[in-house]
Amino acid sequence: MEIKKYAEGLTVGNMTIADFDSNNSNTLFSNDIAEKLKKVTNIRIAIPAYDDKLRKRLLDENCVFVDRMMDVSINLRNSKIDFQKYIRFPLELSNNPEDRTAICEIAYSSFVRDRRFHVQEQFDQKKANQIIKTWIDELPNFYLCRYKNDVAGFLALHKLENDAAYIHMAAVSAKYRPSGAALSMYASAIMECKKQNCKKVIGFVSSGNTPVLNLYSTLGASFDTVTDIFVKEIHQ
(Lines give C-alpha, C1' and ligand atoms only; values in the text may rest on other atoms or scores of the structure.)
Protein backbone atom coordinates (compact mmCIF):
# COMPACT_ATOMS: atom_id res chain seq x y z
CA MET A 1 0.00 0.00 0.00
CA GLU A 2 1.31 3.41 -0.98
CA ILE A 3 0.71 6.06 1.71
CA LYS A 4 0.61 9.78 0.98
CA LYS A 5 -0.01 12.62 3.43
CA TYR A 6 -1.65 15.62 1.76
CA ALA A 7 -2.54 17.75 4.77
CA GLU A 8 -3.18 17.49 8.48
CA GLY A 9 -6.08 15.06 8.81
CA LEU A 10 -5.80 13.79 5.24
CA THR A 11 -3.48 10.81 4.69
CA VAL A 12 -4.49 8.43 1.91
CA GLY A 13 -3.54 4.81 1.41
CA ASN A 14 -3.75 3.64 -2.21
CA MET A 15 -4.34 -0.09 -2.45
CA THR A 16 -4.39 -2.64 -5.28
CA ILE A 17 -5.29 -6.33 -5.42
CA ALA A 18 -1.70 -7.19 -4.39
CA ASP A 19 -2.40 -5.72 -0.94
CA PHE A 20 -5.07 -8.26 -0.04
CA ASP A 21 -4.60 -11.58 1.71
CA SER A 22 -6.35 -13.88 -0.79
CA ASN A 23 -5.31 -17.00 1.12
CA ASN A 24 -7.01 -16.00 4.34
CA SER A 25 -10.78 -16.30 4.37
CA ASN A 26 -11.06 -14.82 7.85
CA THR A 27 -9.49 -11.43 7.25
CA LEU A 28 -9.27 -9.18 4.23
CA PHE A 29 -6.06 -7.39 5.17
CA SER A 30 -2.71 -8.94 6.01
CA ASN A 31 -1.04 -8.01 9.30
CA ASP A 32 1.36 -5.73 7.45
CA ILE A 33 -1.47 -3.84 5.76
CA ALA A 34 -3.45 -3.69 8.98
CA GLU A 35 -0.51 -1.91 10.62
CA LYS A 36 -0.27 0.56 7.73
CA LEU A 37 -3.98 1.31 7.99
CA LYS A 38 -3.29 2.81 11.41
CA LYS A 39 -1.39 5.61 9.65
CA VAL A 40 -4.10 6.71 7.19
CA THR A 41 -7.42 8.56 7.29
CA ASN A 42 -8.75 7.22 3.99
CA ILE A 43 -8.09 4.36 1.62
CA ARG A 44 -8.68 4.23 -2.12
CA ILE A 45 -8.79 0.71 -3.52
CA ALA A 46 -8.38 -0.31 -7.18
CA ILE A 47 -9.20 -3.90 -8.11
CA PRO A 48 -9.98 -5.73 -11.36
CA ALA A 49 -13.62 -5.32 -12.29
CA TYR A 50 -15.92 -8.32 -12.10
CA ASP A 51 -13.96 -9.95 -9.25
CA ASP A 52 -17.19 -10.76 -7.45
CA LYS A 53 -15.53 -12.52 -4.52
CA LEU A 54 -13.22 -9.63 -3.64
CA ARG A 55 -15.94 -7.10 -4.34
CA LYS A 56 -18.22 -8.80 -1.79
CA ARG A 57 -15.46 -8.89 0.80
CA LEU A 58 -14.80 -5.17 0.31
CA LEU A 59 -18.48 -4.36 0.69
CA ASP A 60 -18.61 -6.50 3.83
CA GLU A 61 -15.77 -4.34 5.20
CA ASN A 62 -17.91 -1.22 4.56
CA CYS A 63 -15.84 -0.12 1.56
CA VAL A 64 -17.93 1.88 -0.92
CA PHE A 65 -17.86 1.34 -4.68
CA VAL A 66 -17.48 4.76 -6.33
CA ASP A 67 -16.26 4.37 -9.91
CA ARG A 68 -15.33 2.06 -12.77
CA MET A 69 -12.21 3.03 -14.73
CA MET A 70 -10.85 1.94 -18.09
CA ASP A 71 -7.33 1.83 -19.48
CA VAL A 72 -7.01 3.74 -22.74
CA SER A 73 -4.36 3.26 -25.41
CA ILE A 74 -3.60 5.05 -28.69
CA ASN A 75 -1.27 3.08 -30.95
CA LEU A 76 0.91 5.65 -32.71
CA ARG A 77 2.70 3.12 -34.92
CA ASN A 78 -0.42 1.95 -36.73
CA SER A 79 -2.69 4.98 -36.46
CA LYS A 80 -3.94 6.45 -39.75
CA ILE A 81 -5.52 9.47 -38.08
CA ASP A 82 -4.43 12.97 -39.10
CA PHE A 83 -4.06 14.43 -35.61
CA GLN A 84 -2.86 17.74 -37.03
CA LYS A 85 -6.33 18.58 -38.37
CA TYR A 86 -7.71 18.76 -34.83
CA ILE A 87 -5.18 21.30 -33.59
CA ARG A 88 -6.66 24.77 -33.17
CA PHE A 89 -4.64 26.12 -30.25
CA PRO A 90 -0.86 26.06 -29.77
CA LEU A 91 0.61 23.94 -27.00
CA GLU A 92 3.56 25.14 -24.92
CA LEU A 93 5.67 23.51 -22.24
CA SER A 94 5.84 25.38 -18.92
CA ASN A 95 6.86 25.12 -15.29
CA ASN A 96 6.19 28.79 -14.56
CA PRO A 97 4.77 29.41 -11.03
CA GLU A 98 2.06 31.75 -12.39
CA ASP A 99 0.97 29.12 -14.91
CA ARG A 100 0.98 26.52 -12.14
CA THR A 101 -1.43 28.69 -10.15
CA ALA A 102 -3.65 29.08 -13.21
CA ILE A 103 -3.86 25.35 -13.88
CA CYS A 104 -4.66 24.72 -10.22
CA GLU A 105 -7.76 26.87 -10.61
CA ILE A 106 -8.76 25.00 -13.78
CA ALA A 107 -8.23 21.67 -12.03
CA TYR A 108 -10.26 22.70 -8.96
CA SER A 109 -13.27 23.56 -11.14
CA SER A 110 -12.85 20.55 -13.45
CA PHE A 111 -12.22 17.67 -11.06
CA VAL A 112 -15.40 18.00 -9.03
CA ARG A 113 -16.25 14.28 -9.20
CA ASP A 114 -12.89 12.72 -10.05
CA ARG A 115 -12.20 9.77 -7.77
CA ARG A 116 -8.45 10.17 -7.99
CA PHE A 117 -8.93 13.17 -5.74
CA HIS A 118 -12.28 12.60 -4.02
CA VAL A 119 -11.40 9.87 -1.53
CA GLN A 120 -14.41 10.40 0.73
CA GLU A 121 -17.69 8.62 0.04
CA GLN A 122 -19.39 12.02 -0.11
CA PHE A 123 -17.73 14.57 -2.36
CA ASP A 124 -15.63 17.05 -0.37
CA GLN A 125 -14.14 19.62 -2.71
CA LYS A 126 -11.96 21.25 -0.05
CA LYS A 127 -10.15 17.98 0.67
CA ALA A 128 -10.04 17.07 -3.01
CA ASN A 129 -8.37 20.41 -3.75
CA GLN A 130 -5.61 19.58 -1.26
CA ILE A 131 -4.85 16.41 -3.22
CA ILE A 132 -5.12 18.19 -6.58
CA LYS A 133 -2.69 20.91 -5.46
CA THR A 134 -0.16 18.30 -4.33
CA TRP A 135 -0.36 16.53 -7.68
CA ILE A 136 0.17 19.80 -9.56
CA ASP A 137 2.96 20.98 -7.25
CA GLU A 138 4.80 17.71 -7.96
CA LEU A 139 4.62 18.07 -11.77
CA PRO A 140 8.11 18.80 -13.15
CA ASN A 141 6.43 20.59 -16.06
CA PHE A 142 3.17 20.63 -18.01
CA TYR A 143 1.76 21.60 -21.39
CA LEU A 144 -0.47 24.67 -21.65
CA CYS A 145 -3.20 25.30 -24.15
CA ARG A 146 -3.35 29.09 -24.35
CA TYR A 147 -5.80 31.45 -26.03
CA LYS A 148 -4.12 34.85 -26.37
CA ASN A 149 -2.94 35.49 -22.79
CA ASP A 150 -5.49 33.21 -21.16
CA VAL A 151 -4.72 29.64 -20.08
CA ALA A 152 -7.47 27.55 -21.67
CA GLY A 153 -6.28 24.18 -20.39
CA PHE A 154 -3.34 22.01 -19.41
CA LEU A 155 -2.04 18.49 -19.89
CA ALA A 156 0.71 16.63 -18.04
CA LEU A 157 2.61 13.82 -19.77
CA HIS A 158 4.87 11.22 -18.20
CA LYS A 159 7.33 9.45 -20.49
CA LEU A 160 7.50 5.74 -19.65
CA GLU A 161 10.35 3.31 -20.19
CA ASN A 162 8.50 1.19 -22.76
CA ASP A 163 8.35 3.89 -25.45
CA ALA A 164 4.96 5.02 -24.19
CA ALA A 165 3.68 8.30 -22.79
CA TYR A 166 1.09 8.47 -20.04
CA ILE A 167 -1.47 11.28 -19.81
CA HIS A 168 -1.25 11.95 -16.10
CA MET A 169 -3.61 14.92 -15.79
CA ALA A 170 -5.58 17.07 -18.22
CA ALA A 171 -8.32 19.65 -17.89
CA VAL A 172 -9.84 22.52 -19.88
CA SER A 173 -11.49 25.65 -18.52
CA ALA A 174 -15.29 25.44 -18.88
CA LYS A 175 -15.52 28.52 -21.10
CA TYR A 176 -13.18 26.99 -23.70
CA ARG A 177 -14.73 23.52 -23.87
CA PRO A 178 -17.25 24.41 -26.62
CA SER A 179 -14.37 25.67 -28.81
CA GLY A 180 -12.76 22.25 -29.15
CA ALA A 181 -9.83 23.15 -26.90
CA ALA A 182 -9.72 19.69 -25.31
CA LEU A 183 -9.50 17.83 -28.62
CA SER A 184 -6.90 20.32 -29.85
CA MET A 185 -4.84 19.91 -26.68
CA TYR A 186 -4.87 16.11 -26.77
CA ALA A 187 -4.06 16.05 -30.49
CA SER A 188 -1.15 18.43 -29.94
CA ALA A 189 0.13 16.26 -27.10
CA ILE A 190 -0.05 13.18 -29.33
CA MET A 191 1.93 14.98 -32.03
CA GLU A 192 4.55 15.86 -29.40
CA CYS A 193 4.70 12.18 -28.38
CA LYS A 194 5.26 11.17 -32.00
CA LYS A 195 8.16 13.63 -32.22
CA GLN A 196 9.67 11.91 -29.18
CA ASN A 197 9.31 8.53 -30.95
CA CYS A 198 6.69 7.22 -28.55
CA LYS A 199 4.91 4.13 -29.83
CA LYS A 200 1.73 4.67 -27.88
CA VAL A 201 -0.11 7.07 -25.60
CA ILE A 202 -1.99 5.65 -22.63
CA GLY A 203 -4.46 7.01 -20.13
CA PHE A 204 -7.00 6.08 -17.49
CA VAL A 205 -10.58 7.35 -17.71
CA SER A 206 -13.81 6.94 -15.77
CA SER A 207 -16.51 4.94 -17.54
CA GLY A 208 -18.88 7.75 -16.56
CA ASN A 209 -16.85 10.49 -18.23
CA THR A 210 -18.61 10.46 -21.59
CA PRO A 211 -16.95 13.60 -23.07
CA VAL A 212 -13.42 12.23 -22.51
CA LEU A 213 -14.43 8.76 -23.72
CA ASN A 214 -15.74 10.33 -26.92
CA LEU A 215 -12.59 12.41 -27.26
CA TYR A 216 -10.38 9.34 -26.99
CA SER A 217 -12.59 7.50 -29.50
CA THR A 218 -12.15 10.35 -31.98
CA LEU A 219 -8.40 9.97 -31.59
CA GLY A 220 -8.56 6.25 -32.35
CA ALA A 221 -8.11 4.91 -28.83
CA SER A 222 -8.84 1.38 -27.73
CA PHE A 223 -10.28 0.62 -24.30
CA ASP A 224 -9.08 -2.34 -22.39
CA THR A 225 -8.56 -3.25 -18.69
CA VAL A 226 -11.48 -2.30 -16.46
CA THR A 227 -10.84 -1.41 -12.82
CA ASP A 228 -13.28 -0.83 -9.98
CA ILE A 229 -12.60 1.86 -7.38
CA PHE A 230 -13.66 1.66 -3.74
CA VAL A 231 -13.10 4.09 -0.90
CA LYS A 232 -13.29 3.87 2.85
CA GLU A 233 -12.76 6.32 5.70
CA ILE A 234 -10.58 4.93 8.47
CA HIS A 235 -11.63 6.01 11.96
CA GLN A 236 -8.62 5.98 14.27
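Residues numbered from 1 in each chain as written. Predicted model: local features only at pLDDT ≥ 70, side-chain atom pairs only at ≥ 80, totals over all residues. Heavy atoms only, no water.

Draft legend 1. Looking closely at the nonpolar core. Ile74, Leu76, Leu155, Leu157, Ile167, Tyr186 and Leu219 are the most contacted members of the largest nonpolar core, which has 32 residues in total. Contributing elements (two or more residues each) for this core: strand E4 (64-75), strand E6 (142-147), strand E7 (150-159), strand E8 (164-172), helix H5 (181-195), strand E9 (200-206) and helix H6 (210-218). The element contributing the most residues to this core is H5, with 7 residues. Ignoring anything within four residues of it in the chain, the contact list for Leu155 reads Phe142, Tyr143, Ile167, Met169, Ala170, Met185, Tyr186 and Ala189. Counting residues in each nonpolar core, the second largest holds 25 residues, with Ala7, Ile106, Ile132 and Ala171 among its members. (Core = buried A, V, L, I, M, F, W, Y, C linked by side-chain atoms within 4.5 Å. Buried < 20%, exposed > 50% of the residue type's maximum accessible area, 1.4 Å probe, protein only. Helix = DSSP H or I, 4+ residues; strand = E, 2+ residues; numbered from the N terminus. Contact = heavy atoms within 4.5 Å.)

Draft legend 2. Structural view of the sheet that holds strand E3 (residues 42-48). Pairing is mixed across the open sheet formed by 10 strands, whose spatial order is E1-E2-E3-E10-E4-E9-E8-E7-E6-E5. Taken across any chain shown, the strands that pair with only one partner, and hence form the sheet edges, are strand E1 (2-7) and strand E5 (91-94). Within this sheet the neighbouring strands show an average axis-to-axis angle of 30°, counted without direction. As paired elements, E4 and E9 share 7 bridges and run antiparallel to each other. (Pairing = 2+ DSSP bridges. Axes fitted to C-alpha atoms, helices over the stretch in contact; angles between N-to-C directions.)

Draft legend 3. Expanded view of the pairing of E7. Burial of E7 is extensive: 7 of the 10 residues sit out of reach of the surface. The pairing of E6 with E7 spans 5 bridges and is antiparallel. Paired with Cys145 across the two strands is Gly153, which belongs to E7. Taking the residues that link successive antiparallel strands as the turn, the E6-E7 hairpin has 2 residues, and the phi of Lys148 there is positive, at about 55°. Looking at chain direction, E7 and E8 are connected through 7 bridges and run antiparallel. Bridge pairing in E8 places Gly153 opposite Val172.

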